[in-house]
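# Summary of structural features
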Amino acid sequence: MLESLLNKFKAKNEKHSPGNMSFDFKLFFVYHIAMMILFGARPIESPLNQAMFAMALGIGLIVASIIYKAKYNWSWPGLSVTSIPIVIFNIIFLYAFFAFSAYTIVSNGNMPDIKNTDILLLIQESWGVILQAFNHPALTPWFLGGAGIMVFNTLSSLNLVCSNKDKFEAQCNVS
């Protein structure tokens with residue numbers, strides 16, 4: 001019995017091992033390591049320049065992913081029934097997370113009264129608070145890292161990227 005449990009544990013670990021990490025997931029780590037360097041060492045001081053760096057890096061990583069997929073003759077498996085609702089949830093969740101974080105950073109935790117506020121007015125006000133928090137050079141990489149997570153989750157929900165190499169290889173048309 002113990003041997004059976006150990007075999008199951010080993011099989012599960014092999015499935016989620018770094019060796020079974022897809023190229024897209026490795027690129028995701030490259031992006032986040034760059035954001036951690038921006039966050040910790042802050043080689044770029046301007047929030048706008050940090051955002052431009054993140055955008056250039058993101059575009060470069062997307063191009064690398066497209067080239068890699070073309071090399072292995074990858075074909076898109078299409079959308080599932082839950083893809084679009086999950087994407088919408090990801091965007092709403094990230095916006096709410098950024099808004100709550102920004103209110104804590106900028107206004108010392110003075111949150112608006114959600115019960116008595118028009119939702120469109122609340123979104124408009126919170127966007128200003130998010131931008132104000134984003135303009136702190138020490139925090140911009142943190143927001144950019146969160147945006148990177150949302151982009152990867154969105155692309156994953158749309159079946160445009162995979163976390164596991166096995167799943168990626170199953171989507172490739174080997175001639």
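Scroll up for the structure.
Residues numbered from 1 in each chain as written. Predicted model: local features only at pLDDT ≥ 70, side-chain atom pairs only at ≥ 80, totals over all residues. Heavy atoms only, no water.

Tallying secondary structure elements over the protein gives 7 helices and 0 strands in all. Mapped from its N terminus to its C terminus, the protein presents α and β elements in the order α-α-α-α-α-α-α. In terms of overall size, the protein is more extended than a compact globule, its C-alpha atoms giving a radius of gyration of 20 Å where 175 residues would be expected to give roughly 16 Å. Along the first, second and third principal axes, the C-alpha set of the protein runs to 55 × 40 × 35 Å. (Helix = DSSP H or I, 4+ residues; strand = E, 2+ residues; numbered from the N terminus. Rg over C-alpha atoms; globule rule 2.2 N^0.38 Å.)

With that settled, the discussion passes to a nonpolar patch on the surface. Residues Leu48, Met52, Met55, Ile59, Val63 and Ile67 make up a contiguous nonpolar surface patch of roughly 620 Å² in combined accessible area. Structurally, Met52 can be placed in helix 3 (residues 47–71). (Patch = residues over 30% accessible without salt bridge, like charges linked within 9 Å, V, L, I, M, F, W, Y side chains within 5 Å. Areas by Shrake-Rupley, 256 points an atom, 1.4 Å probe, with all protein chains shown as cover. Salt bridge = Lys/Arg side-chain N within 4 Å of Asp/Glu carboxyl O.)

Right, let's get into the packing of helix 3 against helix 6 (residues 140–157). Running from amino to carboxyl end, helix 3 crosses helix 6 at an angle of 25 degrees, the nearest separation of the two axes being 10 Å. In terms of orientation, helix 3 and helix 6 fall into the roughly parallel class. When the axes of helix 3 and helix 6 are compared, the crossing they make is right-handed. Touching Pro47, Gln50, Ala51 and Ala54 of helix 3 are Thr140, Pro141 and Leu144, all from helix 6. Residues that form the contact of helix 3 with helix 6 fall into these classes: 5 nonpolar, 2 polar and no charged. (Axes fitted to C-alpha atoms, helices over the stretch in contact; angles between N-to-C directions. Parallel < 35°, antiparallel > 145°, perpendicular 65-115°, else oblique. Left-handed = near helix turned anticlockwise from the far one by under 90°. Contact = heavy atoms within 4.5 Å. Nonpolar A, V, L, I, M, F, W, Y, C, P; charged D, E, K, R; others polar.)

Here we take up the side chain of His32. Among the secondary structure elements, His32 is positioned in helix 2 (residues 23–40). Residue contacts for His32: discarding those within four places in its chain leaves Gly145, Gly148 and Ile149.

On to helix 6. Here helix 6 contains 18 residues, and its C-alpha end-to-end distance of 26 Å stays within 8% of the 26 Å for a straight helix at 1.5 Å per residue. Along helix 6, the positions that sit buried rather than exposed are Thr140, Pro141, Phe143, Leu144, Gly145, Gly146, Gly148, Phe152, Thr154 and Ser157. Structurally, helix 6 contributes buried residues whose contacts are with helix 2, helix 3, helix 4 (83–106) and helix 5 (119–134). Looking at the residues trailing helix 6, positive phi occurs at Asn159, about 60 degrees. (Expected span 1.5 Å × (residues − 1). Buried < 20%, exposed > 50% of the residue type's maximum accessible area, 1.4 Å probe, protein only.)

One pass over the full model with this rule turns up 2 salt bridges. A salt bridge links Lys69 to Asp24, with the shortest nitrogen-to-oxygen separation between them at 2.6 Å. Of this pair, Lys69 sits in helix 3 while Asp24 sits in helix 2, and the two are 45 residues apart along the sequence. Judged by relative accessible area, Lys69 falls into the buried class, the value being 7%. Between Glu45 and Arg42 there is a salt bridge whose closest N-O contact spans 3.9 Å. Here Glu45 falls in the partly exposed class, since its relative accessible area comes to 45%. On the accessibility criterion, Arg42 (29% relative accessible area) is partly exposed.

Centre distance and the angle of the planes are the two values used to describe a pair of aromatic rings. For the structure on display, the rule yields 18 aromatic pairs. Centre to centre, the rings of Phe25 and Phe29 are 5.2 Å apart; their planes meet at 90 degrees, and the pair counts as edge-to-face. Taken together, the positions of Phe25 and Phe29, both in helix 2 and 4 residues apart, correspond to about one turn of that helix. Look at Phe29 and you get partly exposed, because its relative accessible area is 38%. (Phe/Tyr/Trp six-rings, centres within 6.5 Å; stacked < 30°, edge-to-face > 60°.)

This paragraph deals with the nonpolar core. Counting residues in each nonpolar core, the largest one holds 20 residues, and the members touching the most others are Tyr31, Met35, Leu57 and Leu144. Going through the elements one at a time, helix 2, helix 3, helix 4, helix 5 and helix 6 are the ones with two or more residues in this core. (Core = buried A, V, L, I, M, F, W, Y, C linked by side-chain atoms within 4.5 Å.)

Right, let's get into unusual backbone geometry. Excluding glycine, a negative phi dihedral is what most residues carry, and trans is how most peptide bonds are arranged. Although it is not a glycine, Arg42 sits at a positive phi angle of roughly 50 degrees. One non-glycine residue with positive phi stands out, namely Asn73, at about 55 degrees. With respect to the helices, strands and loops of the structure, Asn73 is situated in the loop between helix 3 and helix 4.

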